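Next come the chains, spelled out residue by residue.
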Amino acid sequence: MGRILSEKTSQSPRFTGPAEKELIPDRLRIDGEIPTWSKATRRFRSLVQYLEEEDIKTYRVLDFETFTSDWAGAAWSDLYRVDQQACEWAQSTALISFSGSYWLDKSSQTFLPPVTYLARLQSSKRARQKSLSRALDDVDHWQAIRAIGGEGYNGYPRVFLGLYLSEPVQQSTLAPVLESHVNNCPIAKEDAHDPQVVVRIEHSPEHRSRLVHALGQKVPALSSQDAISVESWEKQKIATVLHGGGWRPYSFGESLK
C-alpha cells in the first residue's frame, strides 16, 4: 500500500506515458501538453459542469462518454434493459474482478501514469473473452456485463465482469479466465487473482438484479445517478482516465448458442 494521492498533491503522476500520449483528446490538454492526473481531472470536471449547465443532451449528441446526469440516466437504462432480459432465464450469477499493480517503481513510491495503467490492464481483454467462452462452453446460455471503475485505490480502476448464467458453475470453472488475465496482462499479479477471493457466485439468488446494481455502483456517475462532478475525488479521477483514453465504462457480451 502506498500513500494516498489527495486532490491537492503536488506529486500527482503524469496523466499518460509516451506510448498512450496520442489517445488524449485536446480538451484535456493544457497549452497542448499532457497535464498531471490531478490537473486533467479538474479540467474534465469543468467540462462536465459546463455540459450540465448548458443542458446538452450528451448521450445523444457527443461521441464520447461525458459522465453527466443525462449520460448516467441513459447508462442505467442500458444496464436495466439487459438485466431484465437476462433475469427471465438466469439461474445463477457471478461477479469477477480483475486488477493490476499501479506501481512504476514501488521502492521509490513512483506510480504508473493512469492511462498507461488502464491500457496495460486492458491488454488481456481479448484473452479473457476467449477464455470465458471456453470456460462456459457447457453452459446453455450466459450474458455478460463488463464494467470499469470501482472506488479504485488512488483512483486506479479495476475491471469487473458480471455474468448471468442459465445454470450454476463453480469458482474453479472461472479460474482459467483469471489465469488468462494474469498471463496476458503485464501488471496483473497471480496472488491478487485467487478465484476463492475475486469470484463471487450466487446460486438461485433471491434478487438476480442485485448483480446489475453492484456493477452499476462501480461505474463513475452511476452510484449517485448524477453528474460526475458531485462524486468523490477518486471516482472523478477514474472517470477522467476512461474519458481520456476513450474507454467505454461498460459493455455487453453473450453466448452465441
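Preceding block: the structure.
Everything in this summary refers to the structure shown in the same document. Given the structure is predicted, the values throughout are model-derived calculations rather than measurements. (Residues numbered from 1 in each chain as written. Predicted model: local features only at pLDDT ≥ 70, side-chain atom pairs only at ≥ 80, totals over all residues. Heavy atoms only, no water.)

1. Some remarks on the overall build of the protein chain
Each helix and strand in the protein chain was counted, giving nine helices and seven strands. Its C-alpha atoms give the protein chain a radius of gyration of 18 Å, near enough to 18 Å, the size a compact globule of 257 residues would have. Projected onto its principal axes, the C-alpha coordinates of the protein chain cover approximately 55 × 45 × 30 Å. The burial tally for the protein chain puts 54% of its 257 residues in the buried class. Total accessible area computed for the protein chain in this model is approximately 12300 Å², and 46% of it derives from carbon and sulfur atoms. (Helix = DSSP H or I, 4+ residues; strand = E, 2+ residues; numbered from the N terminus. Rg over C-alpha atoms; globule rule 2.2 N^0.38 Å. Buried < 20%, exposed > 50% of the residue type's maximum accessible area, 1.4 Å probe, protein only. Areas by Shrake-Rupley, 256 points an atom, 1.4 Å probe, with all protein chains shown as cover.)

2. Structural notes on the pairing of strand β4 (residues 142–149)
Among the eight residues in β4, eight count as buried, and that is most of the element. Burial along β4 is two-sided: the face carrying Trp142, Ala144, Arg146 and Ile148 and the face carrying Gln143, Ile145, Ala147 and Gly149 are both buried.

3. Overview of the packing of aromatic side chains
According to the stated counting rule, one finds twelve aromatic pairs in the structure shown. When the centroid spacing of 6.1 Å and the interplanar angle of 85° are considered together, the rings of phenylalanine 44 and phenylalanine 67 count as edge-to-face. On the criterion of sequence distance, the pair formed by phenylalanine 44 in helix α1 (residues 37–53) and phenylalanine 67 in the loop between α2 (58–61) and α3 (69–86) is long-range, its members being 23 residues apart. Residues phenylalanine 44 and phenylalanine 67 agree in their burial class; the two are buried. With a centroid separation of 6.2 Å and 15° between ring planes, the pair formed by phenylalanine 111 and tyrosine 156 is classed as stacked. With phenylalanine 111 in strand β3 (residues 110–111) and tyrosine 156 in the loop between β4 and β5 (158–165), this pair connects stretches of sequence that are 45 residues apart. Given the relative accessible area of 7%, phenylalanine 111 is considered buried. A network of ring pairs unites the aromatic residues Trp37, Tyr102, Trp103, Phe111, Tyr117 and Tyr156 as a single cluster. Taking the ring centre of phenylalanine 98 as reference, the NZ or CZ of arginine 128 above it sits at 5.0 Å. Above the ring of tyrosine 250, the side-chain terminus of arginine 248 is found at 4.9 Å from the ring centroid. (Phe/Tyr/Trp six-rings, centres within 6.5 Å; stacked < 30°, edge-to-face > 60°. Lys NZ or Arg CZ within 6 Å of the ring centre and 35° of its normal.)

4. Focus on the sheet that holds strand β7 (residues 250–254)
Taken together, the five strands give an open sheet; going across it, the order is β6-β1-β5-β4-β7, and neighbouring strands pair in antiparallel fashion. Bordering the open sheet on either side are β6 (199–203) and β7, each of which pairs with just one other strand. Put simply, the sheet's adjacent strands are angled 15° from each other on average, direction ignored. Pairing of β4 with β7, which is carried by five bridges, proceeds in the antiparallel orientation. Within β7, the residue paired with alanine 144 across the bridge is glycine 253. (Pairing = 2+ DSSP bridges. Axes fitted to C-alpha atoms, helices over the stretch in contact; angles between N-to-C directions.)

5. Describing the environment of alanine 221
Structurally, the position occupied by alanine 221 is in the loop between α8 (210–218) and α9 (233–245). For the pair alanine 221 and threonine 110, spaced 111 residues apart in sequence, the C-alpha to C-alpha distance is 28 Å. Aside from chain neighbours lying at most four places away, what touches alanine 221 is Phe67, Trp71, Ala72, Asp226, Ile228 and Glu231. (Contact = heavy atoms within 4.5 Å.)

6. What about the side chain of serine 166?
Among the structural elements, serine 166 can be located in the loop between β5 and α6 (175–184). Within the structure, the side chain of serine 166 is placed 3.0 Å from the backbone nitrogen of histidine 141, a separation counted as a polar contact. Contact partners of serine 166, with chain neighbours within four places excluded, come to Trp89, Gln91, Val139, Asp140 and His141. (Polar contact = N/O pair within 3.5 Å; in protein donor to acceptor, adjacent residues only side chain to side chain.)

7. Overview of unusual backbone geometry
Positive phi is not limited to glycine here, since aspartate 31 has a value of about 55°. Within the secondary structure, aspartate 31 is located in the segment before α1. Phi at phenylalanine 67 takes a positive value of approximately 60°, unusual for a residue other than glycine.

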